[in-house]
Amino acid sequence: MEDLVSIITPCYNSAAFIEEAIKSVISQTYKKWEMILVDDVSEDCTVEIIKEYCQKDPRIRFYQLKANSGSASHPRNFGIQEAKGRFIAFLDSDDVWLPDKLMQQLNIFQCTQVAIVYSDYEKIDEDGSRNYRLVKASKKVDYRQLLKGNIIGCLTAIYDTAKVGKIYFKTIGHEDYVLWLEILKKGFIAVNCNCVTALYRVRNDSLSGNKIKASRWTWNIYRYAENLNIFQCCYYFFHYVIKSYIKFFI
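Points about the pairing of strand β2 (residues 33-39)
Now for step 1: The buried fraction of β2 amounts to seven of the seven residues, a majority that puts the element mostly inside the structure.
Now for step 2: Of the pairings in the sheet, the one linking strand β1 (residues 5-11) to β2 comprises seven bridges and is parallel in character. Bridge pairing in β2 links Cys11 to Asp39.
Now for step 3: Crossover β1 to β2 through helix α1 (residues 18-26) is right-handed.
Now for step 4: Relative to strand β3 (residues 60-64), β2 runs parallel, the two being bridged by five bridges. Bridge assignment links Val38 to a residue of β3, and that residue is Tyr63.

Following this line, the structure appears as structure tokens:
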């Protein structure tokens, strides 16, 4: 029997991109999924677009928060709370999955050590242009290895609630990184399916483009979320800087 995959998509003023994201889920060759779209009180026609697809496909579920939260963590956590699937996956409203994403990743969970499966991905421009800028990640990673830098793209990641339960995002910069660390700290590993499964849209106002802020967030994760001592923080932060420098030129 196939297991249900719950796909969590937070939305805010996403009218320009949300339809493409939804269509990429509908096009999956693996069909047993539910898509949970959580709107953070959009001011454009995002909600109207989503409701049209809810009427077309009962696997698509829509929720709207009572007030704007100002972050992706709260809508994602709301989606995780409502999720019915064994597997939790994430797709932001401006990103796109390739058709075989779920099919290529789910079989890897048969290994009892694997709690997260991720993949390589490709960067696209804001208008959707593909220039084959591939972001390739390590074949597998454990907790200590992941401390050297987050290699798991959130739009590619799936985690197994049968092994780790429902894990929620904390309200902290790089909240996805903290979530992966929390899972792997339990003794599990994360594995790359070694193929490109998703397209990451690089937008002009992307938070990930602020390198100084991202570096500060990473240091705070080491020091306060993971409670590492100052020497451990310096060691892992050095590795993070090197990886970020390499990634910047992709």
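What to know about the pairing of β1
In regular strands, side chains alternate between the two faces of the sheet.
Now for step 1: Most of β1 is tucked away, with seven of its seven residues classed as buried.
Now for step 2: Of the two faces of β1, the one carrying Val5, Ile7, Thr9 and Cys11 and the one carrying Ser6, Ile8 and Pro10 are both buried.
Now for step 3: Pairing between β1 and strand β4 (residues 87-90): four bridges, direction parallel. Counterpart to Ile7 in the pairing with β4 is Ala89.

Looking at the packing of α1 against helix α2 (residues 46-56)
A pair of packed helices can be characterised by two numbers: the angle between their axes and the separation between those axes.
Now for step 1: Between α1 and α2, the shortest axis-to-axis distance is 10 Å and the interhelical angle comes to 20°. In terms of orientation, α1 lies roughly parallel with respect to α2. Two packed elements cross with a definite hand, and for α1 against α2 that hand is right-handed. Contacts from Ile18, Glu19, Ile22, Lys23 and Ile26 in α1 reach Ile49, Ile50 and Tyr53 in α2.
Now for step 2: Taken together, the residues of the contact of α1 with α2 sort by class into six nonpolar, no polar and two charged.

Side note on the packing of aromatic side chains
Now for step 1: Applying the stated criterion across every chain yields a total of ten aromatic pairs.
Now for step 2: Aromatic side chains Phe237 and Tyr240 sit 5.5 Å apart centroid to centroid with 40° between the ring planes, which places their arrangement in the tilted category. Note that Phe237 and Tyr240 are positioned in helix α9 (residues 230-248) at a spacing of three residues, about one turn of the helix.
Now for step 3: Given a relative accessible area of 11%, Tyr240 falls into the buried group.
Now for step 4: Ring pairs connect the aromatic residues Phe90, Tyr159, Phe169 and Trp180, which therefore count as one cluster.
Now for step 5: Sitting over the ring of Trp97, Lys101 keeps its end group 4.5 Å from the ring centre.

Observations concerning the nonpolar core
Now for step 1: Residues Phe90, Ile116, Leu146, Ile152, Tyr159, Trp180 and Ile183 are the most contacted members of the largest nonpolar core, which totals 40 residues.
Now for step 2: Sorting the residues of this core by element identifies β2, β4, β6 (114-124), α5 (143-146), α7 (175-184), α8 (211-225) and α9 as the ones contributing at least two each.
Now for step 3: Ranked by residues supplied to this core, first place goes to α7 with seven residues.
Now for step 4: Trp180 has contacts with Phe90, Ile116, Leu146, Asn150, Ile152, Cys154 and Ala157, leaving out every residue within four places of it along the chain.
Now for step 5: Counting 31 residues, the second largest nonpolar core, distinct from the first, contains Ile18, Trp97, Ile189 and Ala198.

Here is what the cut-offs are and how they apply
- Residues numbered from 1 in each chain as written.
- Predicted model: local features only at pLDDT ≥ 70, side-chain atom pairs only at ≥ 80, totals over all residues.
- Heavy atoms only, no water.
- Buried < 20%, exposed > 50% of the residue type's maximum accessible area, 1.4 Å probe, protein only.
- Helix = DSSP H or I, 4+ residues; strand = E, 2+ residues; numbered from the N terminus.
- Pairing = 2+ DSSP bridges.
- Right-handed = clockwise from strand over helix to strand, strands pointing away.
- Axes fitted to C-alpha atoms, helices over the stretch in contact; angles between N-to-C directions.
- Parallel < 35°, antiparallel > 145°, perpendicular 65-115°, else oblique.
- Left-handed = near helix turned anticlockwise from the far one by under 90°.
- Contact = heavy atoms within 4.5 Å.
- Nonpolar A, V, L, I, M, F, W, Y, C, P; charged D, E, K, R; others polar.
- Phe/Tyr/Trp six-rings, centres within 6.5 Å; stacked < 30°, edge-to-face > 60°.
- Lys NZ or Arg CZ within 6 Å of the ring centre and 35° of its normal.
- Core = buried A, V, L, I, M, F, W, Y, C linked by side-chain atoms within 4.5 Å.

On their own, these measurements won't tell you what the molecule is for.
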